[in-house]
Amino acid sequence: MSLWNSSYETGNEMVDNDHKEIFRLVQNVLSSSGMQRGDKVKTAINFLSSYVVNHFANEEKLMDECEYPAAAEHKYEHNVFLNVASELKAKFENNTLTLGEFKDGDNFNLGMEVNKVVITWLTKHIAGSDKKLATYYREWAER
């Protein structure tokens, strides 16, 4: 079962492709088990630290290009998420042993926390802010 569905589409191909990649990563973590999950959580956290930053930068370029009136609020939401991603990374780093393996039970709990945070935040952000941005950008481009 895929977490992504067409209701998340904004109509902007670049934005939608980025979102699909984020959902694929989360799905990958959810479908893993045991020690494998620890590696996938690490991958997810590293991904959030880089890919999401680039994705947000791409969205913010669109905002700047069309002089999006709600840009400040949208960028603020991005900053909030980046802070959450930093907190998750710190939790991961604090819960690892020297060999990079999680303590008993931590891999499952942190994996679920990463997925919950990412999916909850992302679906809400896409349904609200990103769809509004995509609509505004499309209307601006058609002028």
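Fair warning: this is a prediction, and the values are worked out from it, not measured in the lab.

Rules used in this analysis
Residues numbered from 1 in each chain as written. Predicted model: local features only at pLDDT ≥ 70, side-chain atom pairs only at ≥ 80, totals over all residues. Heavy atoms only, no water. Phe/Tyr/Trp six-rings, centres within 6.5 Å; stacked < 30°, edge-to-face > 60°. Helix = DSSP H or I, 4+ residues; strand = E, 2+ residues; numbered from the N terminus. Buried < 20%, exposed > 50% of the residue type's maximum accessible area, 1.4 Å probe, protein only. Lys NZ or Arg CZ within 6 Å of the ring centre and 35° of its normal. pLDDT = per-residue confidence, 0-100. Contact = heavy atoms within 4.5 Å. Lys, Arg positive; Asp, Glu negative; His and termini not counted. Salt bridge = Lys/Arg side-chain N within 4 Å of Asp/Glu carboxyl O. Polar contact = N/O pair within 3.5 Å; in protein donor to acceptor, adjacent residues only side chain to side chain.

Focus: the packing of aromatic side chains
Okay, step 1: Applying the stated rule across the entire model yields 8 aromatic pairs.
Okay, step 2: A ring pair is formed by Phe81 and Trp121, whose centres lie 4.4 Å apart and whose planes are at 35 degrees; its orientation type is tilted. Of the two residues, Phe81 is situated in helix α3 (residues 71-94) and Trp121 in helix α4 (residues 106-141); the sequence distance between them amounts to 40 residues. Taken as a pair, Phe81 and Trp121 share a single burial class, namely buried.
Okay, step 3: By way of ring pairs, the aromatic residues Trp4, Tyr8 and Phe23 are connected into one cluster.
Okay, step 4: Over the face of the ring belonging to Tyr136 we find Arg143, whose NZ or CZ atom lies 5.8 Å from the ring centre.

Some words on the confidence of the model for the protein chain
Okay, step 1: Overall, the prediction assigns the protein chain a mean pLDDT of 80, with 77% of residues at 70 or greater.
Okay, step 2: Scored below 50 in pLDDT, residues 97-102 shows 11 contacts in the model against residues more than four places distant or in partner chains.

Here's the deal with the side chain of Asp16
Okay, step 1: With respect to the helices and strands, Asp16 occurs in helix α1 (residues 13-30).
Okay, step 2: No salt bridge is formed by the buried Asp16; its nearest oppositely charged neighbour, Lys20, is found at 6.2 Å.
Okay, step 3: Not counting the four nearest positions on each side in its chain, Asp16 is found in contact with Trp4, Tyr8, Glu9, Thr10 and Gly11.

Here we look at the environment of Ala72
Okay, step 1: The residue Ala72 is located in helix α3 in this model.
Okay, step 2: Given the relative accessible area of 58%, Ala72 is considered exposed.
Okay, step 3: Expressed as a C-alpha distance, the spacing of Ala72 and Glu60, which sit 12 residues apart in the sequence, is 9.8 Å.

Overview of unusual backbone geometry
Okay, step 1: You will see that Glu67, though not glycine, has its phi angle at about 50 degrees, which is positive.
Okay, step 2: The residue Glu67 is located in the loop between α2 (34-65) and α3 in this model.

A few points about the side chain of His19
Okay, step 1: Residue position: His19 is located in helix α1.
Okay, step 2: Of the polar contacts made by the side chain of His19, one reaches the side chain of Glu59; its length is 3.5 Å.
Okay, step 3: Residues within four places of His19 in sequence aside, it is in contact with Trp4, Thr10, His55, Glu59, Leu122, Ile126 and Asp130.

Section: the pattern of salt bridges
Okay, step 1: This model, assessed by the stated rule, comprises 2 salt bridges.
Okay, step 2: Residue Glu21 is joined to Arg24 by a salt bridge in which the shortest nitrogen-to-oxygen separation is 2.7 Å. Here Glu21 and its partner Arg24 are both found in helix α1, 3 residues apart, which amounts to about one turn of the helix.
Okay, step 3: For Glu21, a relative accessible area of 28% translates into the label partly exposed.
Okay, step 4: The class for Arg24 is partly exposed, based on a relative accessible area of 48%.
Okay, step 5: A salt bridge links Asp64 to Lys75, with the nearest nitrogen and oxygen atoms 3.0 Å apart. Taken together, the positions of Asp64 in helix α2 and Lys75 in helix α3 put the pair 11 residues apart, joining distant regions of the chain.
Okay, step 6: Overall, Asp64 belongs to the partly exposed group, its relative accessible area being 48%.
Okay, step 7: For Lys75, a relative accessible area of 24% gives the class partly exposed.

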